[in-house]
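# Residue-level structural notes
Spelled out from the first residue to the last, the chains are:
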Amino acid sequence: ISVESGEPLECVKEEAAGLLEEMAQNLQLSFIRLLGFSLSKIFKRLFRSIRVNEDGLARLRQAIQEQPVILMPNHRSYTDFLVLSYIMFTYDLPIPVIAAGIGKIPIIGASVFFHTLMDMSVIGEMFRRSGAFFIRRAIRSDKLYWAVLSEYVRTIVRTGFAPVEFYVEGWRSRTLKSLKPKLGMMQMVLEPFFKGEVDDVTLVPVSISYDRVLEETLLAHELLGVPKPKESILVWPTCSVTGLLKARKVLEDDYGCMHMCFGKPVSVRALAEGRVNRGEFNLVPRHLPMNESAELQEFVTGVAHLLVRLQEKRMVLSPWSLMTFVILQSPQGVDWDQLSHKTLWLRSLALRFEAHLDWPAQRADAEVMSESIALHRSIVQNENGCVQLVEEAGPGPVTQEEAIFKRASAVLMCASYRNQALHVFTRPALVALAITTSTDSRKENVFRRFCFLQELLANEFIFIPGHAEQDFEEGCIGLQQCGAVTITDETLRVTEEEQDTIVFLAAVLQPFIETYEVVCRILCEERFQTFTEKSFVSSVRDVIIKLLISGEVRSYECLSSDTQKNVLSALLRMGAVSKSKVADQNEYQVNQNAVKRIQETLGNHLDRRI
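These figures come from a predicted structure and were not determined experimentally.

### Focus on the pattern of salt bridges
Inspection of the entire model under this criterion finds 35 salt bridges. When the shortest N-O distance is used, the salt bridge between Glu-22 and Arg-136 registers 3.0 Å. Here the residue Glu-22 occupies a position in helix 2 (residues 9–23), and Arg-136 occupies one in the loop between strand 6 (132–135) and helix 7 (143–159), the gap between them amounting to 114 residues. Exposure remark for Glu-22: the relative accessible area of 21% places this residue in the partly exposed category. A relative accessible area of 33% means that Arg-136 is categorised as partly exposed. The salt bridge involving Arg-407 is made with Glu-391; its shortest N-O contact spans 3.5 Å. Of this pair, Arg-407 sits in helix 16 (residues 400–419) while Glu-391 sits in the loop between strand 15 (386–389) and helix 16, and the two are 16 residues apart along the sequence.

### Brief notes about the pairing of strand 8 (residues 202–210)
For strand 8, the tally of buried residues reaches nine of nine residues, placing the bulk of the element in the interior. Neither face of strand 8 is open: one carries Thr-202, Val-204, Val-206, Ile-208 and Tyr-210, the other Leu-203, Pro-205, Ser-207 and Ser-209, and all of them are buried. Here strand 2 (residues 69–73) runs beside strand 8; their pairing, made up of five bridges, is parallel. Paired with Pro-73 across the strands is Val-206, a residue of strand 8. Here strand 8 pairs with strand 10 (residues 266–267) via two bridges, running antiparallel. Each bridged residue has a counterpart across the sheet, and for Leu-203 the counterpart in strand 10 is Val-266. Relative to strand 9 (residues 257–262), strand 8 runs antiparallel, the two being bridged by five bridges. In the strand pairing of strand 9, Tyr-210 is matched with Met-258.

### What about the packing of helix 2 against helix 7?
Taken N-terminus to C-terminus, the directions of helix 2 and helix 7 make an angle of 55°; their axes are 10 Å apart at the nearest point. Between helix 2 and helix 7, the angle falls in the class oblique. Regarding helix 2 and helix 7, the two cross each other, and that crossing is right-handed. Listed contacts from helix 7 to Val-12, Glu-15, Ala-16, Leu-19, Leu-20, Glu-22 and Met-23 of helix 2 are Leu-144, Tyr-145, Val-148, Leu-149 and Tyr-152.

### So, the pairing of strand 3 (residues 97–101)
Counting buried residues in strand 3 gives four out of five residues, a clear majority hidden from the surface. Strand direction decides the pairing type here: strand 3 and strand 7 (residues 164–165), joined by two bridges, are parallel. Each residue of the ladder has a partner; that of Val-97, found in strand 7, is Val-164. Relative to strand 6, strand 3 runs parallel, the two being bridged by four bridges. Bridge pairing in strand 6 links Ala-100 to Phe-134.

### Some remarks on the nonpolar core
Judged by nonpolar contacts, the single largest core of 146 residues is most densely connected at Met-260 and Phe-425. In terms of residues, this core owes the most to one element, helix 17 (residues 422–437), which gives ten residues. Once residues lying within four places of it in the same chain are set aside, the contact partners of Met-260 are Arg-51, Val-52, Asn-53, Asp-80, Val-83, Leu-84, Ile-87, Val-206, Ser-207 and Ile-208. Counting 48 residues, the second-largest nonpolar core is a separate cluster that includes Ala-99, Val-168, Met-188 and Phe-193.

### A word on the sheet that holds strand 20 (residues 585–590)
Spatially, 18-20-19 is the arrangement adopted by the three strands of the open sheet, whose pairing is antiparallel. In the strand order of this sheet, the two ends are held by strand 18 (530–532) and strand 19 (577–582), each with one partner. Neighbouring strand axes in the sheet, compared pairwise and without regard to direction, differ in orientation by 30° on average. Inspection of the sheet shows strand 18 paired to strand 20 by three bridges, in the antiparallel sense. Its bridge partner being in strand 20, Thr-532 is matched across the sheet by Glu-587.

### Description of the confidence of the model for the protein chain
With 90% of its residues at a pLDDT of 70 or more, the protein chain shows a mean pLDDT of 88. Per-residue pLDDT stays below 50 along residues 104–119; that stretch engages in 54 contacts with residues further than four places along the chain or on separate chains. Low pLDDT, under 50, characterises residues 229–245; the predicted model gives this stretch 33 contacts beyond four residues in sequence or across chains.

### Structural notes on the packing of aromatic side chains
Tallied over the entire structure, the rule returns 18 aromatic pairs. Considering the side-chain rings of Trp-345 and Phe-504, the 5.1 Å spacing of their centres and the 85° angle between planes classify their relative orientation as edge-to-face. On the criterion of sequence distance, the pair formed by Trp-345 in helix 14 (residues 336–352) and Phe-504 in helix 20 (residues 499–508) is long-range, its members being 159 residues apart. Phe-504 gets classed as buried once you look at its relative accessible area, which sits at 7%. Among the aromatic residues, those joined into a cluster by ring pairs are Phe-43, Phe-47, Tyr-86 and Tyr-210. In this arrangement the basic side chain of Arg-278 is found over the ring face of Phe-193, its NZ or CZ atom lying 4.1 Å from the centre. Across from the ring centre of Trp-359, 4.6 Å away, lies the NZ or CZ of Arg-347, which sits over that ring.

### Some details on helix 22 (residues 533–550)
The terminal C-alpha atoms of helix 22, which comprises 18 residues, lie 27 Å apart, in line with the 26 Å expected from a rise of 1.5 Å per residue. Where helix 22 is concerned, the buried positions are Phe-536, Val-537, Val-540, Arg-541, Val-543, Ile-544, Ile-545, Leu-547 and Leu-548. Where helix 22 terminates, the next one or two residues include Gly-551, which has phi positive at roughly 90°.

### Here we look at unusual backbone geometry
With phi around 55°, Asp-92 is a residue other than glycine that occupies positive phi space. Looking at the element boundaries, Asp-92 is found in the loop between helix 5 (80–90) and strand 3. Positioned with a positive phi, Glu-354 is a non-glycine residue whose angle comes to about 65°. By the secondary structure assignment, Glu-354 is in the loop between helix 14 and strand 13 (356–357).

### Thoughts on the sheet that holds strand 15
The pairing of strands in a sheet happens through backbone hydrogen bonds and is either parallel or antiparallel. Within the open sheet, the three strands sit side by side as 12-15-14. Their pairing is antiparallel. Because the sheet does not close on itself, it has two edges, and the strands there are strand 12 (334–335) and strand 14 (380–383). Here strand 14 runs beside strand 15; their pairing, made up of four bridges, is antiparallel. Opposite Val-380, over in strand 15, you have Leu-389 as the bridge partner.

### Brief notes about the environment of Pro-73
Looking at the secondary structure, you find Pro-73 in strand 2. In this structure, the C-alpha to C-alpha distance between Pro-73 and Val-206, residues 133 residues apart in sequence, is 4.2 Å. With near-sequence residues (within four places) excluded, Pro-73 lies in contact with Leu-84, Glu-165, Phe-166, Tyr-167, Val-168, Val-206, Ile-208 and Gln-311.

### A look at the packing of helix 13 (residues 319–328) against helix 16
The interhelical angle for the contact between helix 13 and helix 16, taken along N-to-C directions, is 130°, at an axis separation of 7 Å. What the angle tells us is that helix 13 and helix 16 run oblique. Here the hand of the crossing between helix 13 and helix 16 comes out left-handed. Here Trp-320, Ser-321, Thr-324, Phe-325, Ile-327 and Leu-328 of helix 13 come into contact with helix 16, specifically with Val-411, Cys-414, Ala-415, Tyr-417 and Arg-418. When the residues that make up the contact of helix 13 with helix 16 are grouped by side-chain class, the tally is eight nonpolar, two polar and one charged.

Cut-off values and rules
Residues numbered from 1 in each chain as written. Predicted model: local features only at pLDDT ≥ 70, side-chain atom pairs only at ≥ 80, totals over all residues. Heavy atoms only, no water. Salt bridge = Lys/Arg side-chain N within 4 Å of Asp/Glu carboxyl O. Helix = DSSP H or I, 4+ residues; strand = E, 2+ residues; numbered from the N terminus. Buried < 20%, exposed > 50% of the residue type's maximum accessible area, 1.4 Å probe, protein only. Pairing = 2+ DSSP bridges. Axes fitted to C-alpha atoms, helices over the stretch in contact; angles between N-to-C directions. Parallel < 35°, antiparallel > 145°, perpendicular 65-115°, else oblique. Left-handed = near helix turned anticlockwise from the far one by under 90°. Contact = heavy atoms within 4.5 Å. Core = buried A, V, L, I, M, F, W, Y, C linked by side-chain atoms within 4.5 Å. pLDDT = per-residue confidence, 0-100. Phe/Tyr/Trp six-rings, centres within 6.5 Å; stacked < 30°, edge-to-face > 60°. Lys NZ or Arg CZ within 6 Å of the ring centre and 35° of its normal. Expected span 1.5 Å × (residues − 1). Nonpolar A, V, L, I, M, F, W, Y, C, P; charged D, E, K, R; others polar.

Printed below as a string of structure tokens:
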């Protein structure tokens, strides 16, 4: 680096030492004990219970004794890493060191004040002593920073100092569904194995789910681009009285149960068998950065996607997650008896698809569902036997645009809980939608439709690269097991008795299909021939609001900024949009003919009745 940059070696060393000091953790057991006592009090106020699979903890204990362990939880709330460390402490397991991004993150509460962690000496030091080490965002272009961080992570893994914890999704999911994995940290933790510095690395997927998320309102507001509120709920000199009162309200509210499931340990050595030749790294000095071959990139990508899928498969779902599917398909309100009937039907379908449900068997079903409605009274209400979404209260009359935002906020809050269970139905739903839009029932034509949808929605759902055929078969088998289709070598036919199942599953994907179709339609306008990344979301949002007011768009989920960005990523990946760097910002060029073809295809997938 000194030779490449032309800087004196001593200056580079000094800069590297500064970077190491900036990022390093300072794990202290005495502080962990104090924090554990405090967190115990807080969690007992917030949650009815924190439920953990103790067999998973037993497997984890054994794995820690044998090989370096990497904990890979999903990321749904800012409380995730605190609870995970608290569980490890409670069960007398080694406290993990945690990869924490340097950036603006909110302190949880009804109102939130954004700070940069590194600028807050008290909070930053608290996280350091809890085992957090800090990583800057977007570091690929900084060779020195990448080298220091990579060596730091490798040293922790190689020496077995402590389990390493990081979020393979990169950051907290604002939609509560799984995000496409980021590969930087994944490569770093696997590098000691590739270079022969350790015999094996054990990856442990951790599935975290909540009956109710503390940030539910914040999540919806972030997706809508609503300005963030400015009170803090933490007790430090800048706190307002209002912020402290709201903090007390947060602690007094009911957030139901939290579930943490430790999956079966995954051996990297076993995954790499016959796929990665570690011998090619033997002649490369271990201190030099590793060249990423196409084979290695493919392996790391596959492992990252596999771990996210394992997180999904062990996710514990609440009755409320199932109820939201029905509520969102009847946004103007649904009769309580109909909601109960459809939710119970959906429960049996989810169980056939091997979902893990937290549905108390010893209590009446109606009681369980009524309690779910009560827990989420900020989102829905049961008034005279009709369950409806609740919109946020506000002062005085509102404009049409404000009314749209209020409605969209309620819809997106409800949708976030549906999203926690989407992975259970994704593959059967994709097959169902492919069947209903295919020109005939021949399996090859249905599969072709399935592949188009999977490629388009690759940023919405987790698909292991190169596994399209396996995903299609999984979806077909799921539909066959519930009696919705009959399968021969050449055809897929919908059974008359279960046509409603196909219609329901296809409708699950309609909000995503409509969002993609609408964004494509917007990009076909002349003024969107060229646009910048910075202007994209706000410009698209303005158009969609007008379309919602006019009734040309029906789903309020079209206003989700994350989904809009995923549309752009899909079009870029499919060659319908190109990207270039202009004046230090990303500029996009639209191939309107290609976008138009995708938009017309999606139009055929839309059910205008929904």
